[in-house]
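# Residue-level structure breakdown
Below are the chains, spelled out letter by letter.
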2 protein chains.
Amino acid sequence: MLYQLSEKIFALEAQGKKITKLNLGEPDWRPSEKVAEAARSALALGKDRYASAQGELALMEKIAEIHGCKPENVVVTLGSKWAIYATIALTLKQGENAVTFSPNWPAYASMYRQAGGTLKTVELKQENNFTLDLEQLEKTIDEKTRLIILNNPSNPTSRAFSDKEEQAVLDIANKNRLRVLFDDAYRDLLFKPRKERPIGEYFTACSFSKTFGMTGWRAGYLIAGKDFVKKMVAFNQITLTNVPQFVQAGALEALEEKDTIARQARKTCEERAELAQRILGRKFNVPMPDAGFYVFPKINSDAIEFAKLLLKKGIAITPGQAFGNYPENIRISLTANLEELKMALEKIVEAKIQK
Amino acid sequence: MLYQLSEKIFALEAQGKKITKLNLGEPDWRPSEKVAEAARSALALGKDRYASAQGELALMEKIAEIHGCKPENVVVTLGSKWAIYATIALTLKQGENAVTFSPNWPAYASMYRQAGGTLKTVELKQENNFTLDLEQLEKTIDEKTRLIILNNPSNPTSRAFSDKEEQAVLDIANKNRLRVLFDDAYRDLLFKPRKERPIGEYFTACSFSKTFGMTGWRAGYLIAGKDFVKKMVAFNQITLTNVPQFVQAGALEALEEKDTIARQARKTCEERAELAQRILGRKFNVPMPDAGFYVFPKINSDAIEFAKLLLKKGIAITPGQAFGNYPENIRISLTANLEELKMALEKIVEAKIQK
């Protein structure tokens, strides 16, 4: 379904039609010139040899400083996606499962299927403002569950769960002898920034793609106990070898500038979120996002039909079905400038399925 | 054992000791300046977005042209290592196995273990000049075998198997309804260059690391049937997303210059191989390599002890135990200039374990 839709988008673009693409998890801002320059100059210096499967020491030290851990707790990965996939592959035996809350990033389920397990989901409700359902979490855990994944803030809702809620999830995990994987891809885009989570007995996956706009660079990292880091390094050695040193040089420069870059990215996101809430709010129920660049309004008609309709009007969005049992929600990525976004959001509000 | 040895190398280097490192599979030549410039300029042009999990079209077309196939038969990967790992992960069910010939690259076995299977090996003999043992191959295949891996030319022996021998392996595979994976990492370094294998019902994994010296870039590709390519693209989507576009720009430029670069690399390898044969041949049985930068002489004493002894003399090599049941062979990587290499090889010939 999703693939058919994206094929349609490609076909329309090939016909020369202008599409406002609000369907991707890719911010429209770019890495800073200093980041690009750091990579180019590392390449010029010959930083392109086989390298550590854990990461370059300078980058690991910087990450450790930010997270209040040691370099031995850090492994640099090809995007946070690889950090998550590898964590799943290394914690799962055939037939086991993990639990996460839906709506959720569809890759988790595909990763589990590929690794020979399954992903179970606890459905959060729009009418409860997607509040964590801890009771249902406990009921969903079974004797084959090994991991709880918490994406906070969440893709697609942009809802953030509090430190207290995170602790409640950790308590349930401890009680059931499970591990927790925090997917922090959007954490630096929280409108009310938080300190890094103190280091503990869980996995934290982080990305350079969103805050720094370094999507195609494929850089991320995992924070974990040192024994698990060793396992992941061994896994990297037989799969990827290393993240290119010149990519890591860019990532290091991004972290050096993190405060400035993250502040600007948050400001951009917040302005767009306010605009989206103002315009979409005229017709739909749109809670104000806590972070990032997605809104996930309920549109009270079939989301796939609505997506098709919008595409005819030159706007691509993602129907809620992609994220679980949300057939009347749509995910809009606020990844265009305010002017283009305003026009697109107005069209979304005006669009009406003919019955 | 190997890791202890490499830790020792790091420790010695940290103490300021100069080590001639002939223990790595990393050539000492560099990508051409045009390759580096292609990557830098792609980055400057903003070629750093989320991109196709199959590869950039221009690169796939160039690869298809070289191999006489279609772009739909190509998937660009993070080194040939990922091409091999992903092929294993996608062809193996729990408890199944593959067969390869030893001595062999140790990563194959680790990959199979990680994927829940096993690697069986057919031991080739020094006294037969490591000729393929097809009879033993047939005996080793069992009802759980799914794949035959043929690394040709071979790491660590640098022995090339003829087209006829490859066909015999394919015939055995067909008879037993198995697939064959050709690991072609060193093929472009054949001293007598061959045409690309015609496209067929098998997998071919290729690397940019060796011929082009692009080790840390992590670029390679797989040639396969289009349905399998689709499976691998889906696997890439949930693990790596894409090879960075600016890395692929460098890889494309490397292929544009392939004839020149490969000719130079072969010449360098052949000169070094002749030198090695001449010097080592005074004491050891060293068949002339057919390709690449390894020699694998039998030294008639324990290879681990010999490696320790050489390390004291400032030379790192890899003991034969790393590649299978070869306790009296050593792999020497001819990855230093002729002068440094000559000195190191003389020392290797002179070294004697005190009994």
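Residues numbered from 1 in each chain as written. Chains lettered and ligands numbered in written order. Predicted model: local features only at pLDDT ≥ 70, side-chain atom pairs only at ≥ 80, totals over all residues. Heavy atoms only, no water.

## Brief notes about the overall build of chain A
Across its full length, chain A holds 12 helices and 12 strands. Over its C-alpha atoms chain A spans a radius of gyration of 20 Å, differing by no more than 12% from the 20 Å that the globule rule assigns to 355 residues. For chain A, the C-alpha atoms occupy an extent of roughly 60 × 50 × 35 Å along the three principal directions. Looking at chain A residue by residue over its 355 residues, the buried ones come to 61%. (Helix = DSSP H or I, 4+ residues; strand = E, 2+ residues; numbered from the N terminus. Rg over C-alpha atoms; globule rule 2.2 N^0.38 Å. Buried < 20%, exposed > 50% of the residue type's maximum accessible area, 1.4 Å probe, protein only.)

## Considering the relation of the copies chain A and chain B
Between the two copies of the chain lies a relationship made up of a rotation around an axis and a movement along it. Least-squares fitting of chain A to chain B yields an RMSD of 0.0 Å, with the superposition described by an axial translation of 0.0 Å and a rotation of 180°. The operation mapping one copy onto its partner corresponds to a two-fold rotation axis. No C-alpha of chain A lies nearer the rotation axis than that of Arg40(A), which sits 2.8 Å from it. Looking at chain A, 98% of its interface residues are interface residues in chain B too, so the copies touch through the same face. (Least-squares fit on C-alpha atoms with pLDDT ≥ 70 in both. Contact = heavy atoms within 4.5 Å.)

## So, the pattern of salt bridges
Residues and elements named next belong to chain A. Scanning the entire structure with this criterion turns up 48 salt bridges over all chains. Residues Arg-187 and Glu-166 are paired through a salt bridge, measuring 4.0 Å at the closest nitrogen-oxygen approach. Placement of Arg-187 in the loop between strand 6 (179–183) and strand 7 (203–207) and of Glu-166 in helix 7 (residues 163–175) is noted, with a sequence separation of 21 residues between them. For the pair Arg-187 and Glu-166, a shared accessibility class is recorded, and that class is buried. The partner of Arg-197 in a salt bridge is Glu-166, and the shortest N-O contact between them spans 2.7 Å. (Salt bridge = Lys/Arg side-chain N within 4 Å of Asp/Glu carboxyl O.)

## Considerations on the nonpolar core
Core analysis: the biggest nonpolar cluster contains 119 residues, and Phe208(A), Leu222(A), Phe208(B) and Leu222(B) have the highest contact counts within it. If sequence neighbours within four positions are ignored, Leu222(A) has contacts with Asn73(A), Val74(A), Val75(A), Thr77(A), Ala83(A), Thr87(A), Leu181(A), Phe203(A), Thr204(A), Ala205(A), Phe228(A) and Met232(A). One finds Leu5(B), Tyr186(B), Cys269(B) and Val286(B) within the second-largest nonpolar core, a separate group that totals 42 residues. (Core = buried A, V, L, I, M, F, W, Y, C linked by side-chain atoms within 4.5 Å.)

## Brief notes about unusual backbone geometry
Outside of glycine, negative phi angles account for most residues, and trans bonds account for most peptide bonds. Cis geometry marks the peptide bond from Ser102(A) to Pro103(A); its omega dihedral reads 0°. With respect to the helices and strands, Pro103(A) occurs in the loop between strand 3 (97–102) and helix 5 (107–114). In this chain, Asn155(B) is followed by Pro156(B) through a cis amide linkage whose omega measures 20°. Phi at Thr241(A) is positive, roughly 70°, even though this residue is not glycine.

## Notes on the pairing of strand 12 (residues 330–333) of chain B
Residues and elements named next belong to chain B. Burial along strand 12 is two-sided: Ile-330 and Ile-332 facing one way and Arg-331 and Ser-333 facing the other are all buried. Across 2 bridges, strand 9 (residues 294–295) lies against strand 12 in antiparallel orientation. Following the sheet pairing, Val-295 is matched in strand 12 by Ile-332. Alignment of strand 11 (residues 318–319) against strand 12, held across 2 bridges, turns out to be antiparallel. Each residue of the ladder has a partner; that of Pro-319, found in strand 12, is Ile-330. (Pairing = 2+ DSSP bridges.)

## Considerations on the side chain of Thr145(B)
Residues and elements named next belong to chain B. By the secondary structure assignment, Thr-145 is in strand 5 (residues 145–151). At 2.7 Å, the side chain of Thr-145 forms a polar contact with the side chain of Asn-97. A polar side-chain atom of Thr-145 sits 2.9 Å from the main-chain amide nitrogen of Asp-142. If we ignore the near neighbours within four places in the chain, the residues touching Thr-145 are Asn-97, Ala-98, Val-99, Thr-140 and Leu-178. (Polar contact = N/O pair within 3.5 Å; in protein donor to acceptor, adjacent residues only side chain to side chain.)

## Details of the sheet that holds strand 6 of chain A
Backbone-to-backbone hydrogen bonds pair the strands of a sheet. The strands run either parallel or antiparallel. All names here are of chain A. With respect to topology, 7 strands assemble into an open sheet ordered 2-8-7-6-5-3-4, the strand pairing being mixed. One side of each edge strand has no neighbouring strand; the edge strands of this open sheet are strand 2 (74–77) and strand 4 (118–123). Taken over all neighbouring pairs, the strand axes of this sheet differ in orientation by 25° on average, direction set aside. In the sheet, strand 3 pairs with strand 4 via 6 bridges, with the strands oriented parallel. Across the sheet, Ser-102 pairs through a bridge with Glu-123, a residue of strand 4. On top of the sheet, helix 4 (residues 79–91) reaches strand 2, strand 5 (145–151), strand 6, strand 7 and strand 8 (220–223); it is set at about 155° to strand 7, its chief contact. (Axes fitted to C-alpha atoms, helices over the stretch in contact; angles between N-to-C directions.)

## Brief notes about the environment of Pro327(A)
Residue and element names in this part refer to chain A. Note on placement: Pro-327 falls in the loop between strand 11 (318–319) and strand 12 (330–333). The class of Pro-327 is partly exposed, set by a relative accessible area of 34%. Taking the C-alpha atoms as reference points, Pro-327 and Asp-188, separated by 139 residues in sequence, lie 29 Å from one another. With sequence-adjacent residues up to four places away left out, Pro-327 is seen in contact with Ser-301, Asp-302, Ala-303 and Gln-321.

## Structural notes on the confidence of the model for chain A
For chain A, mean pLDDT is 95; residues scoring 70 or higher make up 99% of the total. Quick note on the complex model: pTM equals 0.95, ipTM equals 0.94. (pLDDT = per-residue confidence, 0-100.)

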